[in-house]
Number of protein chains: 2
Amino acid sequence: MAVSEEPAAVGKYDTGDGEAMCPYRLVLEHVTSRWGVLVLIELLDRPYRFSELRRAIGRVSEKMLTQTLQTLERDGLVHRDAKPVIPPRVDYSLTDLGREAAEQVRGLAEWTQKRMGAVQEAREGYDARKAGAEQG
Amino acid sequence: MAVSEEPAAVGKYDTGDGEAMCPYRLVLEHVTSRWGVLVLIELLDRPYRFSELRRAIGRVSEKMLTQTLQTLERDGLVHRDAKPVIPPRVDYSLTDLGREAAEQVRGLAEWTQKRMGAVQEAREGYDARKAGAEQG
DNA sequence: CAGTATCCAACCCGATACTG
DNA sequence: CAGTATCGGGTTGGATACTG
């Protein structure tokens, strides 16, 4: 049976309460999701096989990678190409839509790398002020 | 006491295991976090007061908004200006660093809004194919 | 108004075992 | 290799009560 116990995945708690989350936020949460971000960035370079992607990202369980890829595939961002061979071979790549998204995400990632130092400095300053405030 | 039971917040599970997550991913997760994204986008327009921000975002609890703002403040992205008046008034705004980050995030958000239709179509196609495959 | 502290449910996510 | 099913720990996040 294909009925998974878990919901659509990656896109988290749709709310629980009566009202549903607007589609806009849902899509935004998929592309900004923990693993979604990293998958999109990796696939921007080239297509990847499943385990290849897993190694490239590092520290992601099979389950979460599968969920993430399925969500992104469903959203039309990732293309899944399963070749009928033994052993199985599945290639994942970006669709045109996915490439657009991935480029936005990459912008964010590159900014992060560039400015990480500034962030860490800010953090140290914040912590120092906090520590000082607790005593004096 | 200022010792919160909960950790640094927003930036989630640092791993649990021995090895720590690299700072790069940590920062990336802060700016792509569920509420971090929305806060940054709102603050790009103008400064907001706490409850103003809460209403503008909608469906965010005080707790999560507080946590998110504190994390972003610690990372040097958000400036907190608490005025010593009764009743209290606290304004939140972006720092220069935060504005840079927020502009990246806005790019992503604008892409999402623009292409949401395409995503929804893709989703319907995916679901239709799935439903068909289960029977045939 | 702007938080802080605590309780508790829901859920994410990883580890493991198993299928094709 | 690629993926599914299940279990369990830890985190998220809302509701409530309280402070200044």
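Residues numbered from 1 in each chain as written. Chains lettered and ligands numbered in written order. Predicted model: local features only at pLDDT ≥ 70, side-chain atom pairs only at ≥ 80, totals over all residues. Heavy atoms only, no water.

Caption draft 1: A look at the overall build of chain A. For chain A, the helix and strand inventory stands at five helices and three strands. Start at the N end of chain A and walk to the C end: the helices and strands fall as α-α-β-α-α-β-β-α. Of all 136 residues assigned to chain A, the portion counted as buried reaches 42%. Residue pairs at least 24 apart in sequence account for 45% of intrachain contacts in chain A once pairs closer than 6 positions are excluded. Carbon and sulfur atoms form 49% of the exposed surface of chain A, whose accessible area is close to 7,600 Å². (Helix = DSSP H or I, 4+ residues; strand = E, 2+ residues; numbered from the N terminus. Buried < 20%, exposed > 50% of the residue type's maximum accessible area, 1.4 Å probe, protein only. Contact = heavy atoms within 4.5 Å. Areas by Shrake-Rupley, 256 points an atom, 1.4 Å probe, with all protein chains shown as cover.)

Caption draft 2: Region of the structure containing the interface of chain B and chain A. Each side of the interface is counted separately: chain B has 53 residues, and chain A has 53 residues. When chain B packs against chain A, close to 4,800 Å² is buried across both sides, 61% of that on carbon and sulfur atoms. Taken together, the links from chain B to chain A amount to eight salt bridges. Notably, a salt bridge pairs Asp-127 of chain A with Arg-74 of chain B, separated by 2.5 Å at the nearest N-O pair. The interface formed by chain B and chain A contains 14 residue pairs in polar contact (both at pLDDT 80 or more). Residue assignment for the side of chain B that touches chain A shows that the elements contributing at least two residues are α1 (23-31), α2 (34-45), α4 (62-74) and α5 (96-135) of chain B. It is α5 of chain B that contributes the most residues to the side of chain B that touches chain A, 21 residues altogether. Grouping the amino acids of the side of chain B that touches chain A by side-chain chemistry returns 27 nonpolar, eleven polar and 15 charged. (Buried area = accessible area lost by both parts, 1.4 Å probe. Salt bridge = Lys/Arg side-chain N within 4 Å of Asp/Glu carboxyl O. Polar contact = N/O pair within 3.5 Å; in protein donor to acceptor, adjacent residues only side chain to side chain. Nonpolar A, V, L, I, M, F, W, Y, C, P; charged D, E, K, R; others polar.)

Caption draft 3: Local environment of the packing of aromatic side chains. Throughout the structure, instances matching the rule amount to zero aromatic pairs over all chains. In this arrangement the basic side chain of Arg-46 of chain A is found over the ring face of Tyr-48 of chain A, its NZ or CZ atom lying 3.9 Å from the centre. (Phe/Tyr/Trp six-rings, centres within 6.5 Å; stacked < 30°, edge-to-face > 60°. Lys NZ or Arg CZ within 6 Å of the ring centre and 35° of its normal.)

Caption draft 4: Representation of the UniProt feature "domain: HTH hxlR-type" (unreviewed entry) in chain A. UniProt records the feature "domain: HTH hxlR-type" (unreviewed entry) at residues 22-120 of chain A, using the numbering of this structure. Between the C-alpha atoms that bound residues 22-120 of chain A the distance is 34 Å, and the span itself is 68% helix and 14% strand. (UniProt positions renumbered as here; feature names shortened; annotations may be inferred.)

Caption draft 5: Representation of the sheet that holds strand β1 (residues 48-49) of chain B within the structure. Residue and element names in this part refer to chain B. Reading across the sheet, the three strands line up as β1-β3-β2 and stay open at both edges, with antiparallel pairing between neighbours. Either end of the sheet is taken by a strand with one partner, and the two such strands are β1 and β2 (78-83). Packing against the sheet, α2 makes contact with β1, β2 and β3 (89-94), and its axis sits at approximately 95° to β3. (Pairing = 2+ DSSP bridges. Axes fitted to C-alpha atoms, helices over the stretch in contact; angles between N-to-C directions.)

Caption draft 6: Layout of the relation of the copies chain B and chain A. Superposing chain B onto chain A takes a rotation of 180° plus a shift of 0.0 Å along the axis, which leaves an RMSD of 0.1 Å. Such values leave the two copies arranged in the relation of a two-fold axis. Using C-alpha coordinates, one finds that chain B approaches the rotation axis most closely at Thr-32 of chain B, a distance of 2.7 Å. Most of the interface of chain B is mirrored in chain A: 100% of its interface residues are interface residues there too. (Least-squares fit on C-alpha atoms with pLDDT ≥ 70 in both.)

Caption draft 7: Summary view of α1 of chain B. Of all the nine residues making up α1 of chain B, eight are buried; the element is thus mostly covered by neighbouring parts of the structure. Within α1 of chain B, burial applies to Tyr-24, Arg-25, Leu-26, Val-27, Leu-28, Glu-29, His-30 and Val-31 of chain B.

Caption draft 8: How the structure looks around the confidence of the model for chain A. When the pLDDT values of chain A are averaged, the result is 84; 82% of them are 70 or greater. Contacts for the low-pLDDT stretch residues 1-19 of chain A, under 50 throughout, to residues beyond four places or in other chains number 25 contacts. (pLDDT = per-residue confidence, 0-100.)

Caption draft 9: Spatial organisation of the sheet that holds strand β2 (residues 78-83) of chain A. Residues and elements named next belong to chain A. Pairing within the open sheet is antiparallel, and its three strands lie in the order β1-β3-β2. Since the sheet does not close on itself, it has two edges, and those belong to β1 (48-49) and β2, each with one partner. The sheet contact formed by β2 and strand β3 (residues 89-94) spans six bridges and is antiparallel. Pairing of Val-78 across the sheet is with Leu-94, part of β3.

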